[in-house]
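A look at the structure
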Amino acid sequence: MLEYCCNEERNILYRPDGHCRGEMRFTPPQPQRLHWDLPPMAISRIEAALKSAQEQIADLDLYVLEHDTFGKGDVKKCKISPDAFVQMALQLAYYRDAGNKFCLTYEASMTRLYLEGRTETVRPVTIESAAFVKAMCNPSATKEERKRLLYTAVEKHALSYKLAMTGKGIDRHLFCLYVMSKYLKIESPFLAKVLGEPWRLSTSQTPTQQTGKLDYNSYPDRIAAGGGFGPVTKDGYGVSYVFPGDYVIYFHVSSFNSSPSTDSRRFARRIQESMKEMREMFADTF
């Protein structure tokens, strides 16, 4: 929709001054205020819903980071998948933000290769990613060692993503087992434990182009920051990221104001610092 509006409608339906092409053939009717006749119970429930929505909105801490120091173009020059690069940066950022701790991390993967396919879960926290993060936090680790561990980690992540896309993930399988256990009324301590763990870092890359009609590198003024989502746990983060073109990355970082352990602006700074440090390892590439 955005690509069509920016590319087709902008050039065909509107004049350079922003007004529609053509002449008005009739005077449109003036808007009229609607008057509702609602029973007291409906009014009470509407007011309760409004109060609940206002409380949730007030509790949401959302920060949008425009990372314009470099984009996916530079990442590709390092022969690294931009998605894997960002995921490793998120792991490094969370590890430092949480006081040298890892957490269960969710990344959404598409399963469009299958009829009515929706999503599968990629789990970015691996032995390989943990080794890379710890090396980045170890002052005695050399640049060569860190780069080697990064390449190993992103290769593992790319494999995990490929497996998820091709129906070889584990989380949808586990969920089906959970549904069957409920249907058959069978208690499973294993499923209860595995599916009961909180996703304190929920992430997803948001696609910005569907038609290929709009080249963001040629028209940077038409770039939109995209959108995001909220955290799925009270003490967690939700991070959506967008690659509009080769030179900028947008991060939508969300958390809850009521959580004493999270801060969206602080975490955004952690992401920016991690991205900067990781790029500096490839200074000789640029």
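Just above, that's the structure.
In this report, we go over the structure that sits alongside the text. (Residues numbered from 1 in each chain as written. Predicted model: local features only at pLDDT ≥ 70, side-chain atom pairs only at ≥ 80, totals over all residues. Heavy atoms only, no water.)

You can see Thr-206 is positioned in the loop between strand 4 (201–205) and strand 5 (237–242). Accessibility expressed as a relative area gives 25% for Thr-206, which makes it partly exposed. For Thr-206 and Pro-244, which are 38 residues apart along the polypeptide, the C-alpha to C-alpha distance reads 9.8 Å. A polar atom in the side chain of Thr-206 sits 2.7 Å from the side chain of Ser-240. (Helix = DSSP H or I, 4+ residues; strand = E, 2+ residues; numbered from the N terminus. Buried < 20%, exposed > 50% of the residue type's maximum accessible area, 1.4 Å probe, protein only. Polar contact = N/O pair within 3.5 Å; in protein donor to acceptor, adjacent residues only side chain to side chain.)

What follows covers the packing of helix 4 (residues 82–97) against helix 5 (residues 127–136). Helix 5 packs onto helix 4 with a crossing angle of 60 degrees between their chain directions and a minimal axis gap of 10 Å. Considering their axes alone, helix 4 and helix 5 lie oblique with respect to each other. Helix-helix and strand crossings are classified by hand; for helix 4 and helix 5 the assignment is right-handed. Along the contact surface, helix 4 presents Met-88, Gln-91, Leu-92, Tyr-95 and Arg-96, while helix 5 presents Ser-129, Phe-132, Val-133, Lys-134 and Met-136. Class assignment of the residues belonging to the contact of helix 4 with helix 5 gives a composition of six nonpolar, two polar and two charged. (Axes fitted to C-alpha atoms, helices over the stretch in contact; angles between N-to-C directions. Parallel < 35°, antiparallel > 145°, perpendicular 65-115°, else oblique. Left-handed = near helix turned anticlockwise from the far one by under 90°. Contact = heavy atoms within 4.5 Å. Nonpolar A, V, L, I, M, F, W, Y, C, P; charged D, E, K, R; others polar.)

What follows covers the layout of surface pockets. In this structure, the largest pocket encloses a volume near 280 Å³. Every residue lining the largest pocket is listed: Asp-83, Ala-108, Ser-109, Met-110, Arg-112, Tyr-161, Met-165, Ser-204, Gln-205, Thr-206 and Pro-207. Among the elements that line the lining of the largest pocket, the one with the most residues is strand 2 (residues 105–110), at three residues. Split into classes, the residues belonging to the lining of the largest pocket amount to five nonpolar, four polar and two charged. In terms of lining residues, the second largest pocket is bounded by Leu-104, Tyr-106, Thr-121, Arg-123, Asp-171, Arg-172, Phe-175, Val-194, Leu-195, Glu-197 and Trp-199. For the lining of the second largest pocket, the elements supplying multiple residues, two or more each, are helix 7 (171–183) and helix 8 (189–196). Sorting elements by how many residues they give to the lining of the second largest pocket places helix 7 first, with three residues. Classifying every residue of the lining of the second largest pocket by side-chain character gives six nonpolar, one polar and four charged. (1 Å grid on protein atoms, 1.4 Å probe; cavity = no way out; pocket = protein on both sides within 12 Å on 5 of 7 lines; lining within 4 Å. Points joined across faces, edges and corners; volume = space filled by probe spheres on them.)

Below, the discussion takes up the nonpolar core. With 40 residues, the main nonpolar core has Phe-132, Leu-150, Phe-251, Phe-267, Ile-271, Met-275 and Met-278 as its most contacted residues. Listing elements by their share of this core, those giving two or more residues are helix 4, helix 5, helix 6 (143–165), strand 5, strand 6 (249–256) and helix 9 (264–280). Setting aside residues no more than four positions away along its own chain, Ile-271 makes contact with Leu-90, Ala-93, Val-239, Phe-251 and Val-253. (Core = buried A, V, L, I, M, F, W, Y, C linked by side-chain atoms within 4.5 Å.)

Here the focus is the packing of helix 4 against helix 9. Following both chains from N to C, one finds helix 4 and helix 9 inclined at 125 degrees, their axes separated by 8 Å at the closest point. Classified by the angle their axes make, helix 4 and helix 9 are oblique. When the axes of helix 4 and helix 9 are compared, the crossing they make is right-handed. Contact residues: Phe-85, Val-86, Met-88, Ala-89, Leu-90, Leu-92, Ala-93, Tyr-94, Arg-96 and Asp-97 in helix 4; Arg-266, Phe-267, Arg-270, Ile-271, Ser-274, Met-275, Glu-277, Met-278 and Arg-279 in helix 9. Among the residues forming the contact of helix 4 with helix 9, the class breakdown is 12 nonpolar, one polar and six charged.

Across the sheet, six strands lie side by side as 1-6-5-4-2-3; this open sheet has mixed pairing. With one partner strand each, in any of the chains shown, strand 1 (60–67) and strand 3 (119–122) form the two edges of the open sheet. Here the average twist between neighbouring strands, direction ignored, is 20 degrees. Note: strand 2 against strand 4, three bridges, orientation parallel. Note that in strand 4 the partner of Tyr-106 across the bridge is Ser-202. (Pairing = 2+ DSSP bridges.)

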